[in-house]
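For reference, the chains in residue letters:
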Amino acid sequence: MSSNVVVLDNGGGLVKAGIGGERDPTYVVPNCTARPPSSKKWLLGDQLLSPTEDLTSATLRRPFDRGHLINPELQSSLWAHLFSSSHLNIHPPSSSLLLTQPLFTLPSIERYVDEIVFEEFNFRSLFVADSPSLVHLYEASRRPYGLVSKAQCSLVVDCGFSFTHAAPVFQNLTLNYGVKRMDLGGKALTNYLKELVSYRSINVMDESFIMDDVKEKLCFVSLDVQRDLTIARRPGNDNVFRCTYVLPDGVTYMRGFVKDPDQAKRYLDLDHKSHSYPAGEKGSINDKPQDKRTIDLTKNEFSLTNERFLVPEMIFRPADLGMNQAGLAECIVRSVNSCHPHLHPVLYESIILTGGTTLFPRFAQRLEKELRPLVPDEYQVKITTQEDPILGVWRGGSLLASSPDFESMCVTKAEYEELGSARCRRRFFH
Amino acid sequence: MDDEMSNSARRMSMRTRKVAPKMAAALASSDNRTQAMLARLEALENDNAGLATIQIDDDDEASLDDDVDEDEAYQKKQSKNTKRKTRQAKALENAKKAPRTFIELLNEANLESLPSHVPSYLTAAVGPPSSTARRHFCTVCGFSSNYTCVQCGMRFCSTRCQTIHNDTRCLKFVA
């Protein structure tokens, strides 16, 4: 029975789809359609990942806006593509669906989703989960004797594509009164980087996919912004932050790459002198090592210096961007403070980071550095990173889907038809 | 709906625009500065930067799948033969179909009417930072900046950056 549960972690940036019980999702694809300027056809999901497609200046359409579903039609066509026989190959009337949805989804959006699931795809049953509780479930099962599973409680910091949530989870339920949200995520950071590069070197405003890649490969979180800014000012080779990214030209390179990966990693050595950090930290930037020093004027390239750490910096200080919102550390403190005082020490000791934006190198160290002064001395602060923050939610979902009483927690199609969307949704305690 | 969208597109356009002297004076007021700031923040959530490239309505021929394409074309032919839609009806249908922004949905949900103890999307926002201290970075080179442009309020750090700012950016993106 449990083998035909489809687990769908439907994020604003990536949709993770697979069969419940497996370790990894079968498909991790962008949740959008894109159309290159040269063609009339919109490319979906995995087609965007194929190396032969030229996505320069592609127009994007996303079903999500600010982290919430706004375009159900586009979403259902993306799902239909994923469920089709060439991909997941499932038969909805005989399968259940475990779907994640963002916290505080509006009732009108829930209604859309129910309609798609039951009326368009005719799924047998549906379970709607929120991502923090799934992350908690996964982490608790990974370490059965750890604090998370013993205390049955954790603070999940989900720093995703559209926004960042700090959510306390207790007994596998997200405490909704304790959830705090920052309206800043990976998408805003990519756009910010785009804006900076476009103003300073080359116009890349239309290159979302390329700039996503630049962000993932080159950006990192600074541990001491003032010091790093003075280093970034140095000329020539002393400036360990400068590195060059080569844009694809459509002839020899279809994908952009970091010109000199060793140069890009030099900033890590900087800290080996003053502090000591685990060496396993180094990002895997291994593109083309040839043509390191040769300057080719026919290539389009740009260099980054202080942008590399000033972009992720915005997660910690949104005020610098002009946003009237507290930073991540304060967000966590407020979230904890809205819970019962007995939970405070446990929550601070079981902070779990998840979501793609936490993949920036040294994200956790910086967060700890910011958080420590804000937390009372007698409490310990312990930040756990997930082994794969992008898939963490999906794995939790897969685990839940393979549990024996999963089917009894679902809303079936018959119940939906009998009671309607709003009544069925009450079962999920959101 | 369509009208609104094109309107907002006009407001946020990145194109350089000449500003009359009176207009320039008006723009320097703090209110317009905050507006420009908000527009900038809004732009961070955009999918496509060049707003002119979004043509949601024009992809009648373009569709997601080839075989669906044929189907649709066939249906279109049929519907053309059987029934002609008035322009108004078409506009209405488009308005229904057009994806709305999350902010619109949020306003529609009327969350303000909930009692204050019910957690909702609005109450979950972190709220303003505890200290209003803000670091300023030069909009030209990115280093910490000590000066503010008297005309538009953007930051720069040196005379060199000021010149670049005046030549390229000052009062060109606020409108």
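Residues numbered from 1 in each chain as written. Chains lettered and ligands numbered in written order. Predicted model: local features only at pLDDT ≥ 70, side-chain atom pairs only at ≥ 80, totals over all residues. Heavy atoms only, no water.

Chain B is annotated in an unreviewed UniProt entry as HIT-type domain-containing protein from Penstemon smallii.

By the naming in an unreviewed UniProt entry, chain A goes by Actin-related protein 6 and is assigned to Penstemon smallii. As stated in UniProt under Subcellular location (unreviewed entry), the record for chain A gives "Nucleus". (UniProt positions renumbered as here; feature names shortened; annotations may be inferred.)

(A) Focus on the overall build of chain B. Within chain B, the secondary structure is distributed over 7 helices and 2 strands. Secondary structure elements in chain B, listed N-terminal to C-terminal, are α-α-α-α-α-α-β-β-α. Residues counted as buried form 25% of the 175 residues belonging to chain B. In chain B, 35% of the contacts between residues at least 6 apart in sequence involve partners at least 24 apart. When the accessible surface of chain B is totalled, it reaches about 12,100 Å², and 53% of it is carbon and sulfur. (Helix = DSSP H or I, 4+ residues; strand = E, 2+ residues; numbered from the N terminus. Buried < 20%, exposed > 50% of the residue type's maximum accessible area, 1.4 Å probe, protein only. Contact = heavy atoms within 4.5 Å. Areas by Shrake-Rupley, 256 points an atom, 1.4 Å probe, with all protein chains shown as cover.)

(B) Representation of the UniProt feature "domain: HIT-type" (unreviewed entry) in chain B in the model. With numbering aligned to this structure, UniProt lists the feature "domain: HIT-type" (unreviewed entry) at residues 138-170 of chain B. Within the segment residues 138-170 of chain B, helix and strand shares are 30% and 12% respectively, and the terminal C-alpha atoms sit 13 Å apart.

(C) Quick look at the domain arrangement of chain A. Residues and elements named next belong to chain A. The assigned domain composition of chain A is domain 1 (2-130 + 390-428), domain 2 (133-185 + 321-385) and domain 3 (186-315). At the junction of the two partners, domain 1 supplies 15 residues and domain 3 supplies 9 residues. Together, the buried faces of domain 1 and domain 3 total about 860 Å²; carbon and sulfur atoms form 55% of this surface. Broken down by class, the residue content of the side of domain 1 that touches domain 3 amounts to 8 nonpolar, 4 polar and 3 charged. (Domains from an automatic or database assignment. Buried area = accessible area lost by both parts, 1.4 Å probe. Nonpolar A, V, L, I, M, F, W, Y, C, P; charged D, E, K, R; others polar.)

(D) Expanded view of the packing of helix α1 (residues 72-83) of chain A against helix α2 (residues 107-120) of chain A. Residues and elements named next belong to chain A. Taken N-terminus to C-terminus, the directions of α1 and α2 make an angle of 40°; their axes are 10 Å apart at the nearest point. Judged by the angle between their axes, α1 and α2 are oblique. As α1 runs across α2, the sense of the crossing is right-handed. Between α1 and α2, the contacting residues are P72, S76 and W79 on the first element and Y112, I116, V117 and E120 on the second. Its residues assigned to classes, the contact of α1 with α2 shows 5 nonpolar, 1 polar and 1 charged. (Axes fitted to C-alpha atoms, helices over the stretch in contact; angles between N-to-C directions. Parallel < 35°, antiparallel > 145°, perpendicular 65-115°, else oblique. Left-handed = near helix turned anticlockwise from the far one by under 90°.)

(E) Looking closely at empty space enclosed by the protein. Residue and element names in this part refer to chain A. Under the definition given, this model contains 7 cavities of 30 Å³ or more. Every residue along the wall of the largest cavity is listed here: N10, F64, H68, L69, W79, L99, T100, Q101, P102, T105, I109 and V113. Elements supplying a minimum of two residues to the lining of the largest cavity: β8 (68-69), β9 (96-100) and α2. Here the lining of the largest cavity is composed, by residue class, of 7 nonpolar, 5 polar and no charged. (1 Å grid on protein atoms, 1.4 Å probe; cavity = no way out; pocket = protein on both sides within 12 Å on 5 of 7 lines; lining within 4 Å. Points joined across faces, edges and corners; volume = space filled by probe spheres on them.)

(F) Structural view of the side chain of T354(A). All names here are of chain A. Relative to the helices and strands, T354 resides in strand β18 (residues 351-354). At 2.9 Å, the side chain of T354 forms a polar contact with the side chain of Q386. Once residues lying within four places of it in the same chain are set aside, the contact partners of T354 are V135, V156, V157, D158, C159, Q386, P389 and V393. (Polar contact = N/O pair within 3.5 Å; in protein donor to acceptor, adjacent residues only side chain to side chain.)

(G) Expanded view of the interface of chain B and chain A. Each partner contributes residues to the interface: chain B has 56 residues there, and chain A has 63 residues. Both faces considered, chain B and chain A share a buried interface measuring about 5,500 Å² in area, 52% of it formed by carbon and sulfur atoms. Linking chain B to chain A there are 6 salt bridges. For R40(B), the salt bridge identified is with E195(A), shortest N-O distance 3.0 Å. (Salt bridge = Lys/Arg side-chain N within 4 Å of Asp/Glu carboxyl O.)

(H) Highlighting the sheet that holds strand β4 (residues 33-35) of chain A. Residues and elements named next belong to chain A. The strand order across the open sheet built from 3 strands is β5-β4-β6, with neighbouring strands paired in antiparallel fashion. Two strands close off the open sheet at either side, each with one partner strand: β5 (43-44) and β6 (59-61). Relative to β5, β4 is paired through 2 bridges, and the arrangement is antiparallel. Looking at β5, one finds that T33 is bridged to L44. (Pairing = 2+ DSSP bridges.)

(I) Layout of the packing of helix α5 (residues 186-200) of chain A against helix α10 (residues 307-316) of chain A. Residue and element names in this part refer to chain A. Viewed as axis vectors pointing N to C, α5 and α10 meet at an angle of 145°, and their least axial separation amounts to 9 Å. In the packing of α5 onto α10, the handedness of the crossing is right-handed. Listed contacts from α10 to L189, Y192, L193, L196 and R200 of α5 are E307, L310, V311, P312, M314 and I315. Grouping the amino acids of the contact of α5 with α10 by side-chain chemistry returns 9 nonpolar, no polar and 2 charged.

(J) Here's a closer look at the pattern of salt bridges. Taken as a whole and assessed by the stated rule, the structure comprises 25 salt bridges over all chains. One salt bridge connects D65(A) with R66(A), and the closest N-O pair in it is separated by 2.9 Å. Each member of the pair, D65(A) as well as R66(A), carries the same accessibility label: buried. Where D183(A) meets R181(A), a salt bridge forms, and the shortest distance between an N and an O atom there is 2.9 Å. The class of R181(A) is buried, set by a relative accessible area of 3%. Taken together, the shared-partner salt bridges connect E313(A), R317(A), D320(A), R366(A), E370(A) and R135(B) into one network.

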